[in-house]
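A closer look at the structure
If you want the building blocks of each chain, they are given just below.
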Amino acid sequence: MPSHDYSPRAALELLIRKVTERDPELASRLQSAIDAGKDVSERQYSPHRKRPRLYRKTVRFSDEEALRVAVDALQAHFVEQPMFVISAAHQFAAAALGGRVDPSRIPRAESPKAVATEGVGVDKPLEIEVQTETQISTADEQTVRLAPPAADALKQQQEHVGRLLDLTRFEER
Amino acid sequence: MATLADLEAAIDALLNHPLGVGQYQLVRVVEEKAYEAYVFGLCLRAVRELGATPVLRGISGLPNPFIFRGAPGQIHSTSRNYGYAEFVLNGYPFEIHAGVEFKGTSGMTHELDVCIMRGDDANKCRQQPDDPPPASLVGGWECKFYDGNLKKGLGRAFVGLIDDMGGNTRLSGLCSNSVHPQLRDYFQPQRRPYPHFRLTPLEPSNEDIFVNQIKGELKKMTAW
């Protein structure tokens, strides 16, 4: 018995339309991911050959596969990206903080632990340069802060993605 | 039975969440660099798991904030207080950088998204401004964030880059949260970079593989 009152095509059109309404550029990215298609292995039979010949063919995704591609793409932006920031923030917090020092001043046999521990366990602000050193035009921002989101916010988005995956899975039950 | 209204509500919940479209619009220009920061962080983890403490530094002073380059740049550039990490293993100094250009064996320069290099060479290139030589590179990684399949051309380009860095590079890999089936085959030969596909916090075992490769090679280098 079907578990949805809508088809994969209807679901895909709704998803793309909703994303386009919010952000056409993001919708364009989803569309590009869908339009890339997939490789399949096709068989060619011949009376002159005992076994079929295999060849590669690029085909379009089915509607259900395209839905999965679109949801995976949204997961990449809304779940994976925040996870990258959280992971980086965690690793940087565990590093020490030092000013400008000539490494040749560090004696060869000295224990690494004796070199620096200041700042270990302290959150470090991370920023990414937007206005690069060779750009003539001036960007509105010079840098963008990579701020890790709250854990419960990320968990909510993971649940939202999970719900969307459930609603876009079309196996007969 | 799920209805179209249920689906629409689920889509709205995802898009309208604080980590949805609004957040995406704030950070879309730096998503690629955020992935590089993540891979840089995994390198820091490898160093700590070897028992050393990585030290964050800035080209002009204390790296507060720690700034990642927005475009390929020279290791000696002081246009901003770009950050890097320094560590010592068994007396051997190393540095971890993001977005630094190296000189290839051909003389052409190449940007490495994330790299580990010999500390002495890095310091020399800051003191007497120059691009680091290929022999200074220990490990170099191309980092690509994708919301669809990887583009095949990336693999070809990176193979060419690593080839021009000469035979002394001990570690190289294409890191991505995504994958391309053909690229797996392309990277299979032993001499080619390692395909760190699906390198993402969603796949902790792949993170472990990446970190352990670095640990193994650094241990071997420093005769531990």
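Look up: the structure comes first, before these words.
The structure reproduced in this document is the subject of the present report. (Residues numbered from 1 in each chain as written. Chains lettered and ligands numbered in written order. Predicted model: local features only at pLDDT ≥ 70, side-chain atom pairs only at ≥ 80, totals over all residues. Heavy atoms only, no water.)

Re the pairing of strand β4 (residues 126–129) of chain A
Residues and elements named next belong to chain A. The alternating pattern of β4 places L126 and I128 on one face and E127 and E129 on the opposite face, and all of these are buried. Inspection of the sheet shows β4 paired to strand β5 (residues 143–145) by three bridges, in the antiparallel sense. Note that in β5 the partner of I128 across the bridge is V144. (Buried < 20%, exposed > 50% of the residue type's maximum accessible area, 1.4 Å probe, protein only. Helix = DSSP H or I, 4+ residues; strand = E, 2+ residues; numbered from the N terminus. Pairing = 2+ DSSP bridges.)

Quick notes on the interface of chain B and chain A
Facing 83 residues of chain B, the contacting portion of chain A comprises 76 residues. Note on chain B versus chain A: buried area summed over both sides is about 7200 Å², and carbon and sulfur give 62% of it. Summed over the three residues of chain B that lose the most area to chain A, namely L14, L19 and D147 of chain B, the buried surface amounts to 10% of that side. Remark: the boundary between chain B and chain A carries eight salt bridges. The partner of R28 of chain B in a salt bridge is D23 of chain A, with the nearest N and O atoms 2.8 Å apart. For the side of chain B that touches chain A, the secondary-structure elements that each account for two or more residues are α1 (4–16), α2 (21–27), α3 (31–49), β1 (55–58), β2 (66–68), β3 (83–89), β4 (92–103) and α4 (119–127) of chain B. No other element matches the 12 residues that α3 of chain B contributes to the side of chain B that touches chain A. (Contact = heavy atoms within 4.5 Å. Buried area = accessible area lost by both parts, 1.4 Å probe. Salt bridge = Lys/Arg side-chain N within 4 Å of Asp/Glu carboxyl O.)

Quick notes on the side chain of T200 of chain B
Along the chain, the position of T200 of chain B falls in the loop between β8 (194–196) and α7 (204–221). Sequence-distant contacts of T200 of chain B, that is, excluding residues within four places in its chain, are made with E80 and F84 of chain A together with Y38, N177 and E207 of chain B.

Some points on the state of the cysteines
Residues and elements named next belong to chain B. Within this structure, the stated rule accounts for zero disulfides over all chains. Unpaired in this structure, C115 has its nearest cysteine sulfur neighbour in C43, at a distance of 8.7 Å. By relative accessible area, which is 0% here, C115 ends up buried. (Disulfide = S-S within 2.5 Å.)

A closer look at the sheet that holds β2 of chain B
As summarised here, the arrangement of the three strands in space is β5(A)-β4(A)-β2(B), forming an open sheet in which the pairing is mixed. The open sheet has two edge strands with one neighbour each: β5 of chain A together with β2 of chain B. On average, adjacent strands in this sheet sit at an angle of 30° to one another, irrespective of strand direction. (Axes fitted to C-alpha atoms, helices over the stretch in contact; angles between N-to-C directions.)

Quick notes on the layout of surface pockets
Its boundaries defined by the atoms lining it, the largest pocket holds a volume of some 440 Å³. For the largest pocket, the lining is made up of 21 residues, of which D72 of chain A together with D147, G148, N149 and S178 of chain B are closest to its centre. Looking at the lining of the largest pocket, the element that brings in the most residues is helix α3 (residues 63–93) of chain A, giving eight residues. Along the lines of polarity and charge, the residues of the lining of the largest pocket split into nine nonpolar, six polar and six charged. (1 Å grid on protein atoms, 1.4 Å probe; cavity = no way out; pocket = protein on both sides within 12 Å on 5 of 7 lines; lining within 4 Å. Points joined across faces, edges and corners; volume = space filled by probe spheres on them. Nonpolar A, V, L, I, M, F, W, Y, C, P; charged D, E, K, R; others polar.)

A look at the packing of aromatic side chains
Taken as a whole and judged by the stated rule, the model has 15 aromatic pairs over all chains. Taking 5.7 Å as the distance between ring centres and 70° as the angle between the ring planes, the aromatic pair formed by F40 of chain B and F66 of chain B counts as edge-to-face. Here F40 of chain B, found in helix α3, pairs with F66 of chain B, found in strand β2; they are 26 residues apart in sequence, far enough to count as distant. Per residue, the accessibility class of F40 of chain B equals that of F66 of chain B, and both read buried. Look at F87 of chain B and F94 of chain B: their rings are 5.3 Å apart centre to centre, the planes differ by 20°, and that puts the pair in the stacked class. Among the aromatic residues, those joined into a ring-pair cluster are F84 of chain A together with Y35, Y38 and F145 of chain B. When the ring centre of Y82 of chain B is taken as origin, the NZ or CZ atom of R69 of chain B, which lies over that ring, is 4.5 Å away. (Phe/Tyr/Trp six-rings, centres within 6.5 Å; stacked < 30°, edge-to-face > 60°. Lys NZ or Arg CZ within 6 Å of the ring centre and 35° of its normal.)

With respect to the sheet that holds β4 of chain B
Strand order in the open sheet formed by eight strands is β3(A)-β1(B)-β3(B)-β4(B)-β5(B)-β6(B)-β7(B)-β8(B), with mixed pairing between adjacent strands. Edge positions in the open sheet fall to β3 (96–97) of chain A together with β8 of chain B, since each of these has one partner strand only. Across five bridges, the pairing between β3 of chain B and β4 of chain B is antiparallel. In the sheet register, E86 of chain B faces β4 of chain B, and the bridge partner there is E95 of chain B. Contacts between α7 of chain B and the sheet are confined to β3, β4, β5 (109–118), β6 (137–144), β7 (171–176) and β8 of chain B, with β8 of chain B contributing the most and set at about 140° to the helix.

Thoughts on unusual backbone geometry
All names here are of chain B. The peptide bond linking N64 to P65 adopts the cis configuration, its omega dihedral lying at 10°. If you trace the backbone, P65 turns up in the loop between β1 and β2. Of note in the backbone geometry, N90 takes a positive phi value of approximately 50° without being a glycine. By the element assignment, N90 lies in the loop between β3 and β4. Positive phi is not limited to glycine here, since R198 has a value of about 50°. By relative accessible area, which is 25% here, R198 ends up partly exposed.

Describing α1 of chain B
Here α1 of chain B contains 13 residues, and its C-alpha end-to-end distance of 18 Å stays within 8% of the 18 Å for a straight helix at 1.5 Å per residue. In this fold, the buried residues of α1 of chain B make contact with α1 (8–22), α3 and α5 (151–167) of chain A together with α2 of chain B. (Expected span 1.5 Å × (residues − 1).)

Details of empty space enclosed by the protein
Residues and elements named next belong to chain B. Inspection of the entire model under this criterion finds two cavities of 30 Å³ or more. When its volume is computed, the second largest cavity comes out at roughly 40 Å³. Around the second largest cavity sit I59, R69, I75, Y82, G83, Y84 and H97, which together line it. By residue class, the composition of the lining of the second largest cavity is four nonpolar, two polar and one charged.

Comments concerning the packing of α3 of chain B against α7 of chain B
Residue and element names in this part refer to chain B. For the pair α3 and α7, interaxial distance at closest approach is 9 Å and the crossing angle is 55°. By the angle between their axes, α3 is oblique relative to α7. As for the relative orientation of α3 and α7, their crossing is right-handed in sense. Packed against α3, whose contacting residues are Y38, V39, L42, C43, R45, A46 and E49, the element α7 presents E207, D208, F210, V211, I214 and K215 at the interface. Looking at the contact of α3 with α7 residue by residue, the class counts come to eight nonpolar, no polar and five charged. (Parallel < 35°, antiparallel > 145°, perpendicular 65-115°, else oblique. Left-handed = near helix turned anticlockwise from the far one by under 90°.)

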